[in-house]
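Given next are the chains, with one letter for each unit.
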Amino acid sequence: MNATGTTVTAFAPASVGNVGVGFDTLGHALDFAGDRVRLTVTEEPEIRLDAITGLTTDLPSDTASNTALRALTAIQKECGISEGARLTLDKGIPLGSGMGGSAASAAAAVTAAAEAWGLALSDQQRLRFALEGEMAASGALHADNVAPSLFGGLVLCEGAGYPHVTRIPVPTGIVCVFVHPDLEVYTRSARNMLSAQVSLSDHVSQTQAIAGFIAGCFRSDLNQIRRCLKDVIIEPQRAGLVPGFRQVQAAAMSNGALGASLSGSGPSIFAWCETGRAAEIQACMTEALHVEGVSCSAWVSAVDAAGARLED
Ligand code: HSE
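Residues numbered from 1 in each chain as written. Predicted model: local features only at pLDDT ≥ 70, side-chain atom pairs only at ≥ 80, totals over all residues. Heavy atoms only, no water.

### Some remarks on the packing of helix α9 (residues 245–254) against helix α10 (residues 278–291)
Working step 1: The interhelical angle for the contact between α9 and α10, taken along N-to-C directions, is 155°, at an axis separation of 8 Å. As judged from the angle between their axes, α9 and α10 are roughly antiparallel. In terms of crossing hand, the pair formed by α9 and α10 is right-handed. Of the residues in α10, those in contact with Q247, V248, A251 and A252 of α9 are I281, C284, M285, A288 and L289. (Axes fitted to C-alpha atoms, helices over the stretch in contact; angles between N-to-C directions. Helix = DSSP H or I, 4+ residues; strand = E, 2+ residues; numbered from the N terminus. Parallel < 35°, antiparallel > 145°, perpendicular 65-115°, else oblique. Left-handed = near helix turned anticlockwise from the far one by under 90°. Contact = heavy atoms within 4.5 Å.)

This is the structure in structure tokens:
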């Protein structure tokens, strides 16, 4: 198919990696921010970044290091596409925010390219190409941002490398309060700091927690979700990256949150709660950061937020 000249725009949302309880395993989409890719098919085979606009423009523009370009290069190679593409990347997700920005750029690029190059990619292929892109930023194959950004909602990713993705139902009336401190944490370094050893008792606690959390979602059992939305392994190692993290978490919990933790590797902090508690929890989380002298932005998002989509 000759698609030269075709222009397509796609948007992919920010996401909460880990969802506290499921390191590299659970993630959910957010509805208030995302990245946008505008792609034009070219006759010459190069994949080129014309411009980066939006909240951050300080990103690599070479195909090996830019997550969107790297995802497109992987599609081009595997699908035998002879045409190239020119891209504009509009970043609605701040850099190093814990909002899955590198994954969203890759997810938006894959969504745009599949349409523009006329490829009927399966979900598993879209996931694999977007993950290939995401690798450029985090240095590891974890799908807990890419999968929710592509497919939306709360998802479970299981299997090493290119995982299987299962959509998990979200109980009605549950929202995510999301607070982004004006700080940067880079996933690659926040992964390098993690211990490779896990004690048997922590392993047992965390296994029980993730199993109970997923059961709680399927059963709409908010007490079970409240008991299980916790992280005894990763969160203690990263808590120090965000000044006031424990205070923000305690503020959310003492105001009725079902659970609160770092979003991905931080610095953003999320809390799940019933819709009616959200405004109060947002106010107390924000206040707890201000007491620590940290400014922030905050939102309330659906947990079952939509995934990547084409735009006019
Ligand atoms: N699972 C990843 C991590 C998410 O915690 O390192 C990064 O957003």
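Having seen the structure, we can now continue with the description.
### Some words on the site of the ligand
Working step 1: Surveying the vicinity of the ligand reveals the residues N18, F23, D24, H142, D144, N145, T187, R191, R238, G264 and S265.
Working step 2: Separating an oxygen atom of the ligand from a side-chain N or O atom of R238 is a distance of 2.7 Å.
Working step 3: Taken by itself the ligand offers 260 Å² of open surface, and the protein chains cover 97% of this.
Working step 4: Broken down by class, the residue content of the shell around the ligand amounts to one nonpolar, six polar and four charged. (Near = heavy atom within 4 Å. Polar contact = N/O pair within 3.5 Å; in protein donor to acceptor, adjacent residues only side chain to side chain. Areas by Shrake-Rupley, 256 points an atom, 1.4 Å probe, with all protein chains shown as cover. Nonpolar A, V, L, I, M, F, W, Y, C, P; charged D, E, K, R; others polar.)

### Some points on the environment of T187
Working step 1: Summarising the element assignment, T187 is placed in helix α5 (residues 187–192).
Working step 2: Judged by its relative accessible area of 29%, T187 falls in the partly exposed class.
Working step 3: Along the primary structure T187 and G98 are separated by 89 residues, whereas in three dimensions their C-alpha atoms are 7.8 Å apart.
Working step 4: Those residues in contact with T187 that sit more than four places away from it in its chain are S138, H142 and S265. (Buried < 20%, exposed > 50% of the residue type's maximum accessible area, 1.4 Å probe, protein only.)

### Concerning the packing of aromatic side chains
Working step 1: Enumeration according to the criterion identifies four aromatic pairs in this entry.
Working step 2: With a centroid separation of 5.5 Å and an interplanar angle of 50°, the aromatic rings of F32 and F178 are classed as tilted. Separated by 146 residues along the polypeptide, F32 in strand β2 (residues 26–42) and F178 in strand β7 (residues 174–181) bring together distant segments of the chain.
Working step 3: Aromatic side chains F213 and W272 sit 5.3 Å apart centroid to centroid with 45° between the ring planes, which places their arrangement in the tilted category. (Phe/Tyr/Trp six-rings, centres within 6.5 Å; stacked < 30°, edge-to-face > 60°.)

### Overview of helix α6 (residues 200–219)
Working step 1: With 20 residues, α6 should cover 28 Å at 1.5 Å per step; its first-to-last C-alpha distance of 28 Å lies within 8% of that length.
Working step 2: Residues of α6 that are buried make contact with β2, β5 (154–158), β6 (164–168), α7 (222–228) and β9 (269–274). (Expected span 1.5 Å × (residues − 1).)

### Examining unusual backbone geometry
Working step 1: Here G266 and P267 are connected by a cis peptide whose omega angle stands at 5°.
Working step 2: Mapped onto the secondary structure, P267 falls in the loop between β8 (259–262) and β9.
Working step 3: The phi angle at V19 is positive, at roughly 50°, despite the residue not being glycine.
Working step 4: Within the fold, V19 resides in the loop between β1 (7–17) and β2.
Working step 5: The class of V19 is buried, set by a relative accessible area of 0%.
Working step 6: One non-glycine residue with positive phi stands out, namely S220, at about 55°.
Working step 7: Counting through the fold element by element, S220 comes out in the loop between α6 and α7.
Working step 8: S220 sits in the partly exposed class, given a relative accessible area of 45%.

### Focus on the packing of helix α1 (residues 67–79) against helix α2 (residues 101–116)
In a pair of packed helices, the angle between the axes and the distance between the axes together describe the arrangement.
Working step 1: Their axes nearest at 7 Å, the elements α1 and α2 cross at an angle of 40°. Here α1 is positioned oblique relative to α2, judged by the angle of their axes. Crossing angle aside, the handedness with which α1 passes α2 is right-handed. Here T67, A68, A71, L72 and I75 of α1 come into contact with α2, specifically with S102, S105, A106, A109, V110 and A113.
Working step 2: A class-by-class count of the residues in the contact of α1 with α2 yields eight nonpolar, three polar and no charged.

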